[in-house]
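# Geometric and topological summary
Chain by chain, the residues run as shown.
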Amino acid sequence: MHPCITERGSRPRVKRWWHCRSVQCALLFLSSTCSSINTMNRLLLGAVLLENLSVTVQVPVMLAPPTKVRFNSLDYKNILVWTPPTNSTTLQYYVQWKIYGEPQWLDVKGCQGIQRHHCDLSAVTSDTREWYYARVHASSLPASKSDWALSPRFSPRWDTVISPPVLRLNVTEEGIVVRVKPPKPNVRKMHSSLQYKIYLIHTSGEEEVYKLDCCSNKLPLKELNQKAVYCLQAQTIILLQAKSSARGSLKCVSTL
């Protein structure tokens, strides 16, 4: 028998019918509530699990570039040097160069994947009329590398340091014979405009200056005081470039 029908006939009693509907609604409400509670419990459990879950993400480390990239040039031997990044011992370095105004960078042969902190660019920067740039970046195997570090603009003509000539002194009965050791090959290329200044310094501090062409490496000094101390210095002069070296170290001898 239907729960909402009486025993005496098919006419429903309103009070019993509303009671029946109330029970059904209550059951539906309880069912919906339980479902919501279960869903909430599952969400709370998921939140707890996510909170306790530790996820590690591997972020690539960008290498710091080399610093203080610069040319050290002595007698047209042009060496690029740099300071490695802090706390780096097993890095490899790659060097490129270009002429000022040119768009293309070129690899320096013998300076790709090196571990030293210098690179000889004399062969590719030998034209004294040009200006050059160089750059270097660090790399750590397998694939991590730094940004390029750029050198200041470099001119062999103006930026190279010329070394002073080396003197050899020989004391004779006539005085002092000064011999100048020939310059290094890179400087010798400038022989057409190369000159030496020889400074003869007396004990009083007075100086006499002699000029010597590069093709003549012998200078006799006569008419000197006997048993006197003389000191000499020399300086290299490149006339066409208006460039000179510092004075060399003092060399002193006593006459006979």
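Throughout what follows, the structure given in this document is the object of discussion. (Residues numbered from 1 in each chain as written. Predicted model: local features only at pLDDT ≥ 70, side-chain atom pairs only at ≥ 80, totals over all residues. Heavy atoms only, no water.)

## Details of the nonpolar core
Let me state the cut-off plainly: Take the buried residues of types Ala, Val, Leu, Ile, Met, Phe, Trp, Tyr and Cys, join any two whose side-chain atoms come within 4.5 Å, and each joined set is a nonpolar core. Classification of residues uses two cut-offs on accessible area relative to the type maximum, computed with a 1.4 Å probe and protein chains only: under 20% is buried, over 50% is exposed, and between them is partly exposed. Only DSSP runs of H or I with at least four residues qualify as helices, and only runs of E with at least two residues qualify as strands; both kinds are numbered from the N terminus onward.
By size, the foremost hydrophobic cluster in this structure holds 23 residues, and its most contacted members are L167, I176, V178, Y196, I198, L221 and L232. Those elements that place two or more of their residues in this core are β10 (175–180), β11 (194–201), β13 (218–222) and β14 (229–238). Counting 20 residues, the second-largest nonpolar core is a separate cluster that includes L63, F71, Y93 and C119.

## A short note on the pattern of salt bridges
To keep things clear, this is the line we draw: Salt bridges are identified by distance alone: a Lys or Arg side-chain nitrogen within 4 Å of an Asp or Glu carboxyl oxygen.
Using the criterion set out here, one finds four salt bridges in the structure. Its salt-bridge partner being E174, residue K222 comes within 3.9 Å of it at the nearest N-O pair. One end of the pair, K222, is in strand β13; the other, E174, is in the loop between β9 (167–172) and β10, and 48 residues separate them in sequence. With respect to class, K222 is no different from E174; both count as exposed.

## A closer look at a positive patch on the surface
Threshold: Patch membership requires over 30% relative accessible area and the absence of a salt bridge. Like charges are linked within 9 Å, and nonpolar side chains (Val, Leu, Ile, Met, Phe, Trp, Tyr) within 5 Å. For the accessible areas, the method is Shrake-Rupley and the probe is 1.4 Å, while residue cover comes only from the protein chains on display. Asp and Glu count as negative and Lys and Arg as positive, but His and the ends of the chain are not part of the count. Working definition for charges: the position is that of NZ of Lys, CZ of Arg, CG of Asp or CD of Glu.
Taken together, the side chains of R168, R179, K181, K184, K218 and K251 define a basic patch exposed on the protein surface. Among the structural elements, K184 can be located in the loop between β10 and α3 (185–188).

## Description of the sheet that holds β13
Where strands meet in a sheet, backbone hydrogen bonds hold them as pairs that are either parallel or antiparallel. Quick reminder of the rule: Strands qualify as paired when DSSP identifies two bridges or more between them. In this description, a line fitted to the C-alpha atoms serves as the axis of each element, helices being fitted only across the stretch in contact, and the angle between N-to-C directions of two axes falls anywhere from 0 to 180 degrees.
Within the open sheet, the three strands sit side by side as β9-β10-β13. Their pairing is antiparallel. Looking at strand neighbours, the two that pair on one side only are β9 and β13, the edges of this open sheet. Adjacent strand axes in the sheet meet at a mean angle of 20°, parallel and antiparallel pairs treated alike. Where β9 meets β10, six bridges bridge the pair, whose relative direction is antiparallel. Note that in β10 the partner of L169 across the bridge is V178.

## So, the side chain of S245
Tracing the chain through its elements places S245 in the loop between β15 (243–244) and β16 (251–254). With relative accessibility at 4%, the residue S245 sits in the buried group.

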